[in-house]
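A closer look at the structure
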Amino acid sequence: MNTIDLTKTTFIIPIKIEHKDRYRNSQTTLNFLNTHFKTNVIIHESSSTGKTRLDYLDSLGNLNITLMENLEESSFHRTKYLNQMLDVVETPVVVNYDIDVI
């Protein structure tokens with residue numbers, strides 16, 4: 001299957017993995033994007049554990065991934081993270097994407 005060129009698009013995805021289901025959702029969603037598109041992704045991960053849970057990102061070769069981490073915050077401030085990601089977007093098209101949706 002050929003991937004669709006969306007290199008002029010950036011998907012921005014805020015995420016907090018507080019359960020193994022959310023971890024699986026993140027793998028499934030990012031694998032879907034990786035399989036079907038060559039694109040850019042900015043992920044803002046919030047975690048209260050002090051470490052990232054996204055240990056599989058290096059395997060997603062069609063995605064140019066920027067990982068922004070807030071690994072010391074217990075609250076999830078979705079709008080704040082979306083604005084922070086928008087500040088670093090360099091493409092003309094932006095997709096506000098939810099990690100739980102394909």
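See the structure above.
Attention here is on the structure that accompanies the text. (Residues numbered from 1 in each chain as written. Predicted model: local features only at pLDDT ≥ 70, side-chain atom pairs only at ≥ 80, totals over all residues. Heavy atoms only, no water.)

1. Quick look at the overall build of the protein chain
Rules: To qualify as a helix, a DSSP run of H or I must reach at least 4 residues; to qualify as a strand, a run of E must reach at least 2; elements of each kind are numbered from the N terminus. Throughout, the radius of gyration refers to the C-alpha atoms, and the reference size of a globule is 2.2 Å times the residue count to the power 0.38. Each residue is placed in one exposure class: buried if its accessible area under a 1.4 Å probe, protein chains only, is under 20% of its type's maximum, exposed if it is over 50%, and partly exposed if it falls in between. Every residue pair with non-hydrogen atoms within 4.5 Å of one another is taken to be in contact. We treat Lys and Arg as the positive residues and Asp and Glu as the negative residues; His and chain ends play no part in the count. By convention, the charge on Lys lies at NZ, on Arg at CZ, on Asp at CG and on Glu at CD.
What the protein chain contains, in helices and strands, is two helices and four strands. Element order for the protein chain, N to C, with α for helix and β for strand: β-α-β-β-α-β. The globule rule puts the C-alpha radius of gyration for 102 residues at 13 Å, and the 13 Å found for the protein chain is close to it. Principal axes of the C-alpha set define a box for the protein chain whose edges measure 40 × 30 × 20 Å. When the 102 residues of the protein chain are sorted by exposure, 40% land in the buried category. A separation threshold of at least 6 residues defines the contact pool for the protein chain, and within that pool the share at least 24 residues apart is 75%. When the 10 basic and 13 acidic side-chain charges of the protein chain are each reduced to a single mean position, those positions are 4 Å apart.

2. Quick look at the pairing of strand E1 (residues 4-16)
Threshold: Each pair of strands is called paired provided DSSP finds at least two bridges between the two strands. A crossover counts as right-handed when, viewed with the strands pointing away from the observer, the path leading from the first strand over the helix to the second turns clockwise.
The pairing of E1 with strand E2 (residues 37-46) spans 10 bridges and is parallel. Looking at the pairing, Ile13 lines up with Ile43 of E2. Taken together, E1, helix H1 (residues 20-36) and E2 constitute a β-α-β crossover, and its handedness is right-handed. In this sheet, strand E4 (residues 93-96) lies alongside E1 in parallel orientation, the contact comprising four bridges. Bridged to Thr10 within E4 is Val94.

3. Observations regarding the pairing of E2
Most of E2 sits inside the fold, with nine of its 10 residues counted as buried. Two elements, E2 and strand E3 (residues 63-70), share eight bridges in a ladder whose sense is parallel. When the bridges of E3 are listed, Ser46 appears paired with Asn70.

4. Remarks on the packing of aromatic side chains
Cut-off, in case you're wondering: When two rings of Phe, Tyr or Trp (its six-membered ring) have centres within 6.5 Å they constitute a pair, described as stacked for plane angles under 30 degrees, edge-to-face for angles over 60, and tilted for the intermediate range.
What the rule picks out here adds up to five aromatic pairs. Centroid distance Phe11 to Phe37: 6.3 Å. Interplanar angle 35°. Geometry classified as tilted. Of the two residues, Phe11 sits in strand E1 while Phe37 sits in strand E2, which places them 26 residues apart along the sequence. Note on Phe11: relative accessible area 6%, which makes it buried. The class of Phe37 is buried, set by a relative accessible area of 16%. Geometrically, the ring pair formed by Phe76 and Tyr81 is edge-to-face, given 5.5 Å between the ring centres and 65° between the ring planes. Taken together, the aromatic side chains of Phe11, Phe32, Phe37 and Tyr97 make up a single cluster linked through ring pairs.

5. What to know about the pattern of salt bridges
Which entries qualify depends on this criterion: Any carboxyl oxygen of Asp or Glu within 4 Å of a side-chain nitrogen of Lys or Arg constitutes a salt bridge here.
Under the definition given, this model contains three salt bridges. A salt bridge links Arg22 to Glu18; the shortest N-O distance between them is 3.3 Å. Of the charged contacts, one joins Arg22 and Asp100 as a salt bridge, the two residues approaching to 3.1 Å between their closest N and O atoms. Taken together, the positions of Arg22 in helix H1 and Asp100 in the segment after E4 put the pair 78 residues apart, joining distant regions of the chain. We classify Arg22 as partly exposed; its relative accessible area is 23%. One connected set of salt bridges, linked through shared partners, spans Glu18, Arg22 and Asp100.

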